[in-house]
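Listed below, chain by chain, are the residues.
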Amino acid sequence: MAQIEIIVGSVYGNAQNVAEHAEQFLISAGHQVNVHTDPDIDLLNEDAAFLIITSTTGMGDVPPNLELFFADIQADLPSLQGKKYAIAALGDSSYCESYCGAGKQFAELFAQLQGEEITQMLELDSMETFTPEEDVVAWLKQHNTQFSA
């Protein structure tokens, strides 16, 4: 199975809770997993796949705990060629223009760096789901083997 680094962007703890459920599922599926709430850009040098679970803040912004990480990636533009990733973005669709903005920013950046997206970004709307941790685990059940494929 795969080494998966979960990168978590959370403001009020909801994305952190989702990441903890994802971690438990992925470990039970045989993967080696680490969760990062304050990642360093050097993490991208790891021989691993990446799962980004992030909420959105402000006007579609990356949460404060990932701002420096995101800025460092934009400044250094490390190649992610051959590195697999998936993104689960938490948002509120009542904020139409900024809905899941942080996830969309990561998706755009990782695509620019030639990362290999294993599946389309999962958008979790707080207006529609009250159990995003269950939705992410269900999504991972469908796609977790692609991290190591």
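Predicted, not measured: the structure shown is a model, and the values here were computed from it. (Residues numbered from 1 in each chain as written. Predicted model: local features only at pLDDT ≥ 70, side-chain atom pairs only at ≥ 80, totals over all residues. Heavy atoms only, no water.)

**Description of the overall build of the protein chain**
The number of helices and strands found in the protein chain is 4 helices and 6 strands. Reading the protein chain from its N end, one meets helices and strands in the order β-α-β-β-α-β-α-β-β-α. Here the protein chain has a C-alpha radius of gyration of 14 Å; the compact-globule value for 149 residues is 15 Å, and the two agree. Taken along its principal axes, the extent of the C-alpha atoms in the protein chain is 35 × 35 × 25 Å. Looking at the protein chain as a whole, 50% of its 149 residues qualify as buried. Pairs at least 24 apart in sequence give 81% of the contacts found in the protein chain among residues at least 6 apart. Carbon and sulfur atoms make up 45% of the accessible area of the protein chain, which amounts to about 7400 Å² in all. (Helix = DSSP H or I, 4+ residues; strand = E, 2+ residues; numbered from the N terminus. Rg over C-alpha atoms; globule rule 2.2 N^0.38 Å. Buried < 20%, exposed > 50% of the residue type's maximum accessible area, 1.4 Å probe, protein only. Contact = heavy atoms within 4.5 Å. Areas by Shrake-Rupley, 256 points an atom, 1.4 Å probe, with all protein chains shown as cover.)

**With respect to the nonpolar core**
Of all hydrophobic cores here, the largest spans 25 residues; its most connected members are Ile6, Leu51, Ile53, Val136, Leu140 and Phe147. Going through the elements one at a time, strand 1 (3-9), helix 1 (14-28), strand 3 (49-54), strand 4 (84-91), strand 6 (122-125) and helix 4 (132-143) are the ones with two or more residues in this core. The dominant element in this core, judged by the number of residues it contributes, is helix 1, at 6 residues. Counting 24 residues, the second-largest nonpolar core is a separate cluster that includes Phe50, Phe70, Ala107 and Leu113. (Core = buried A, V, L, I, M, F, W, Y, C linked by side-chain atoms within 4.5 Å.)

**Let's talk about the environment of valine 33**
You can see valine 33 is positioned in strand 2 (residues 32-36). Along the sequence, valine 33 and glutamine 3 sit 30 residues apart, while their C-alpha atoms lie 6.0 Å from each other. If we ignore the near neighbours within four places in the chain, the residues touching valine 33 are Gln3, Ile4, Ile6, Glu23, Leu26 and Ile27.

**Quick look at a negative patch on the surface**
Judged by side-chain charge, Asp38, Asp40, Asp42, Glu46 and Asp47 come together as a negatively charged surface patch. On the accessibility criterion, aspartate 47 (76% relative accessible area) is exposed. (Patch = residues over 30% accessible without salt bridge, like charges linked within 9 Å, V, L, I, M, F, W, Y side chains within 5 Å. Salt bridge = Lys/Arg side-chain N within 4 Å of Asp/Glu carboxyl O. Lys, Arg positive; Asp, Glu negative; His and termini not counted. Charge placed at Lys NZ, Arg CZ, Asp CG, Glu CD.)

**Points about the packing of aromatic side chains**
Tallied over the entire structure, the rule returns 4 aromatic pairs. Aromatic side chains phenylalanine 70 and phenylalanine 106 sit 4.9 Å apart centroid to centroid with 80° between the ring planes, which places their arrangement in the edge-to-face category. Placement of the pair is phenylalanine 70 in helix 2 (residues 64-76) and phenylalanine 106 in helix 3 (residues 101-112), with a sequence separation of 36 residues. Ring geometry for phenylalanine 106 versus phenylalanine 110: centroids 6.1 Å apart, planes at 70°, classification edge-to-face. Residue phenylalanine 106 and its partner phenylalanine 110 are both found in helix 3; the two are separated by 4 residues, about one turn of the helix. You can call phenylalanine 106 buried: its relative accessible area is 0%. Classification of phenylalanine 110 by relative accessible area gives buried; the value is 0%. A connected cluster of aromatic rings, assembled from ring pairs, spans Phe69, Phe70, Tyr85, Phe106 and Phe110. (Phe/Tyr/Trp six-rings, centres within 6.5 Å; stacked < 30°, edge-to-face > 60°.)

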